[in-house]
Amino acid sequence: MLQKLIFAFIAVAALCGCAKVEPPKPVLPVPSEAQLKWNEMERNAFIHFGLNTFNDMEWGYGDSPASTFNPSELDAEQWCKVIKAAGLKGIVLTCKHHDGFCLWPFEGTEYSVKNSPWRGGKGDLVREVSDACKKYGLKFGVYLSPWDRNCAFYGTPKYIEYFRTQLTDLLTNYGEIFEVWFDGANGGTGYYGGANEKRSVDRKTYYNWPTTIELVRKLQPNALIFSDAGPDVRWCGNESGVGGKTNWSTLRRDEAWPGWPRYKELNPGHEDGNYWVPAEINTSVRPGWFYHKSEDHKVKDLPRLMDYYYESVGRNGTGLLNFPIDDRGLVHEIDAANVIEWQKTIEADLAENLLLNAKSVEASNVRGNAGQYNAQKTNDRDKETYWATDDGVNKGNIVIEFNEAITFNRFLIQEYIKLGQRVKAFTLEVETGSGKWSEIASETTIGYKRILRLPNTTTKKIRFTVTDAKACPTISNIELYNAPQLLTSPVITRNKQGMVSLSSAGDEVAIYYTLDGSKPTSSSKRYNGPFKVTNKAVIKALAFDPSTQRESSTTSEAMDICRAKWTIKNTKDKRSNSVLDGNINSTWIQNAKKMPLDLVIDLGETHQVEGFRYLPDQGRGTRGIIFNYKFYTSTNGKNWTVQSAGEFSNIQNHPVWQKKTFSPVKARFVKLRAMSNTASNNMAAYAEFDIVTK
Ligand code: FUL
């Protein structure tokens, strides 16, 4: 009788869906509470600031005088205001970079802010930044370089004690620390207290990392430790801000250490990793980590920042975007404007979750047929609930149906990672006709969060399928968005043959242009691919989003005569084509025993020349930037007349197009003579060269 009753109870319970079905067993390893919180921060800020800022360096040798650290307007609250407005949640400050200079008055060295003129030698920047973070509700973290090119005893056991004393200072005097950052770059040449030598260390054993990690755990139990190999947070294997499309938060971390030569494995992580060590995706808002005036025009623009967002947060990573504080002690205006625009655009992209209006969200299999694991759990705004399948069912799908067709271009999905990262492969399909499906994405891992950028897709039904997983999938959240197209003003280029190309960031925008100087509109000529312009012309273009009728600002380029007939006379080096190819990112470099160095061009026919334009190398560093010049013209290539001579003032700090003009003169040949360069060596580099005709 009792048995019958129990059966009846189970049957009724199963029917009304109120039976307690056991949750899936975790797939190990799983994240700690602190790691989960860190994932949820999504984007943090890195700050590089120190002696390098005042000596135009990236890696100080350890001998720049402490007295050169002298910001005139330092304001850590300004940093926090910008960082907060950019949607970032925490700051990691380079308290000591490789040059050994301490931004706090560390007692163990004279090489610190205390011997600088800043705040009369009484300043403590770590204090100012950590206080500002508290005021603005940002978390605070510390970067302490293991390499120290100033310290006289770097390379000996005594240095390890020194390093740990610094760490103890930072972890005891400045409140709660959320992240401790150990750089993998270490060992090599340096000042080392005047020894000026190379000191190589065994990166794996020299630092005795386990003891240092214990120290951090003791002083700041909630802090996460970053290094190439964790233990808590790992590097993503590049500094360009690109997380792996396949990105496991798991790692066989015992195989790795800071400075690990197999660092490329850090990008995808290890599918069979036995520790939870999620990837941090770091990059700088400028080419350099430290501020250089010469990079003021190379700040990451909106399209690049959006790529960074989708390739970090959108790929199961936490972003760490670096701000090179400038020599005033401020986040530069351009950097601030760009990152605030970035935040606004992320908000606009993910403004309205279309899934909330779905008619139905149904799964192919629901764990124990229990309501608590059904597909609706991916759409209930509760991160603690999730869709799960039965044990042993490692595949499955969710079909989402709408009353009316929707248009979307973003697919956001999250695994319930408290039970481990499981999904190995998934697809996304849309229904194109009754019962007909078309695949629009086939990807691998998901993890904490995955966001796919897709072409605009219109449909009434969407099917998400887990095609392979380590165990039954647990999906906590799905969102769908229709992000506005990015509307950046078009870039206009013309190659040597006169072919003009127009490009803009949004995938589905239309570009319209004019050739007569008039303002383009959406009724002007539409760009369908490169076209030829052989004469002088003013090209104007704008990008237009047909679905919202929005348009970008207009770009205007005044093109001079076509360069098709030009030849560079003074070299046979094929790479010299870079000078005339219209691509500002390709450069030709000439090297000689001594200056001057000439660039001689036959224009192919005679023109009325009244000036020239020179664009120096746009890459990192300062290769062959011409400073003093002479410009000559000739009608026969033998007798030359100087038309202009002087310097390209401030070109080192501002390496943009340089234009010089003079009274018009007939010329078939032109010669740009580099008399000196900004580095005082015998190199001249040209990204582009052009003339100005009457
Ligand atoms: C690298 C360092 O060498 C760079 O200077 C910078 O600090 C970057 C974040 O890490 O390894």
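Definitions and cut-offs
- Residues numbered from 1 in each chain as written.
- Predicted model: local features only at pLDDT ≥ 70, side-chain atom pairs only at ≥ 80, totals over all residues.
- Heavy atoms only, no water.
- Buried < 20%, exposed > 50% of the residue type's maximum accessible area, 1.4 Å probe, protein only.
- Helix = DSSP H or I, 4+ residues; strand = E, 2+ residues; numbered from the N terminus.
- Pairing = 2+ DSSP bridges.
- Contact = heavy atoms within 4.5 Å.
- Core = buried A, V, L, I, M, F, W, Y, C linked by side-chain atoms within 4.5 Å.
- 1 Å grid on protein atoms, 1.4 Å probe; cavity = no way out; pocket = protein on both sides within 12 Å on 5 of 7 lines; lining within 4 Å.
- Points joined across faces, edges and corners; volume = space filled by probe spheres on them.
- Near = heavy atom within 4 Å.
- Polar contact = N/O pair within 3.5 Å; in protein donor to acceptor, adjacent residues only side chain to side chain.
- Areas by Shrake-Rupley, 256 points an atom, 1.4 Å probe, with all protein chains shown as cover.
- Expected span 1.5 Å × (residues − 1).
- Axes fitted to C-alpha atoms, helices over the stretch in contact; angles between N-to-C directions.
- Parallel < 35°, antiparallel > 145°, perpendicular 65-115°, else oblique.
- Left-handed = near helix turned anticlockwise from the far one by under 90°.
- Domains from an automatic or database assignment.
- Buried area = accessible area lost by both parts, 1.4 Å probe.
- Salt bridge = Lys/Arg side-chain N within 4 Å of Asp/Glu carboxyl O.
- Nonpolar A, V, L, I, M, F, W, Y, C, P; charged D, E, K, R; others polar.

(A) Broad picture of the pairing of strand β25 (residues 537–545). Buried residues dominate β25, accounting for 7 of its 9 residues. Sheet topology note: the strand β22 (residues 510–514)/β25 ladder contains 5 bridges and is antiparallel. Opposite Thr 514, over in β25, you have Lys 540 as the bridge partner. Direction of pairing for β25 relative to strand β27 (residues 555–559): antiparallel, over a ladder of 5 bridges. Note that in β27 the partner of Val 538 across the bridge is Ala 558.

(B) Representation of the environment of Tyr 192 within the structure. Among the structural elements, Tyr 192 can be located in the loop between β5 (188–190) and β6 (197–199). Tyr 192 sits 39 residues away from Phe 153 along the chain, and the two C-alpha atoms are 7.0 Å apart. Residues in contact with Tyr 192, not counting those within four places in the same chain, are Trp 147, Asp 148, Arg 149, Asn 150, Cys 151, Ala 152, Tyr 154, Glu 197 and Arg 199.

(C) Region of the structure containing the nonpolar core. Grouped together as the largest cluster of nonpolar side chains are 83 residues, with contacts concentrated most on Trp 79, Phe 323 and Trp 342. Broken down by element, this core gets its largest block of residues, 7 residues, from helix α6 (residues 157–173). Once you skip the residues sitting within four places of it in the chain, Trp 79 turns out to touch Ile 47, Phe 49, Leu 74, Leu 93, Leu 125, Val 129, Ile 325, Gly 329, Leu 330 and Val 331. The next biggest cluster of nonpolar side chains, apart from the first, holds 35 residues, and it includes Leu 355, Ile 406, Val 423 and Ala 469.

(D) The layout of surface pockets, seen in detail. Of the volumes computed, that of the largest pocket is approximately 1600 Å³. Every residue lining the largest pocket is counted, 49 residues in all, and those nearest its centre are His 297, Val 491, Ile 584, Asn 585 and Gln 618. Of all the secondary structure elements, the ones that give two or more residues to the lining of the largest pocket are α8 (302–312), β20 (491–494), β27, β30 (597–615) and β35 (688–693).

(E) Structural view of the side chain of Ser 64. Looking at the element boundaries, Ser 64 is found in the loop between α3 (51–55) and α4 (76–85). A relative accessible area of 10% means that Ser 64 is categorised as buried. In contact with Ser 64, other than residues within four places in its own chain, are Leu 51, Asn 55, Met 57 and Tyr 111.

(F) A look at the site of the ligand. All residues adjacent to the ligand are Phe 46, His 48, Trp 59, His 97, His 98, Tyr 143, Asp 183, Ala 185, Glu 239 and Trp 289. Here an oxygen atom of the ligand and a side-chain polar atom of His 98 are 2.9 Å apart. Glu 239 has a polar side-chain atom sitting 3.4 Å from an oxygen atom of the ligand. Considered on its own, the ligand offers 290 Å² of accessible surface; in the complex 92% of this is hidden by protein.

(G) Molecular detail of helix α9 (residues 333–349). Between its first and last C-alpha, α9 extends 24 Å over 17 residues, near the 24 Å set by a 1.5 Å rise per residue. Among the residues making up α9, those that are buried are Asp 335, Ala 336, Asn 338, Val 339, Trp 342, Gln 343, Thr 345, Ile 346 and Asp 349.

(H) Seen up close, the side chain of Thr 488. Position of Thr 488 among the secondary structure elements: in the loop between β19 (474–481) and β20. At a separation of 3.1 Å, a polar atom in the side chain of Thr 488 contacts the main-chain amide nitrogen of Ala 505. Setting aside residues up to four positions removed in sequence, Thr 488 forms contacts with Pro 303, Ser 504, Ala 505, Ala 543 and Ser 552.

(I) Just the packing of α6 against helix α7 (residues 209–219), in detail. For the pair α6 and α7, the least separation of the axes is 10 Å and the interaxial angle reads 20 degrees. Between α6 and α7, the angle falls in the class roughly parallel. As α6 packs across α7, the resulting crossing turns out to be right-handed. The segment α6 lies against α7, with Phe 163, Arg 164, Leu 167, Thr 168, Leu 171 and Thr 172 engaging Trp 209, Thr 211, Thr 212, Leu 215, Val 216 and Leu 219.

(J) Spotlight on the domain arrangement of the protein chain. On domain assignment, one finds that the protein chain holds domain 1 (43–349), domain 2 (354–481), domain 3 (491–559) and domain 4 (567–693). A C-alpha centroid distance of 37 Å is found between domain 1 and domain 2. Facing the 18 residues of domain 1 at the interface are 19 residues of domain 2. Summing both partners gives a buried area of about 1500 Å² for domain 1 against domain 2, and 48% of it is carried by carbon and sulfur. At the surface where domain 1 touches domain 2, the tally comes to 4 salt bridges. Of the charged contacts, one joins Lys 424 and Glu 271 as a salt bridge, the two residues approaching to 3.4 Å between their closest N and O atoms. Our count for the contact surface shared by domain 1 and domain 2 stands at 14 residue pairs in polar contact (both at pLDDT 80 or more). Among the residues making up the side of domain 1 that touches domain 2, the classes are represented as 6 nonpolar, 6 polar and 6 charged.

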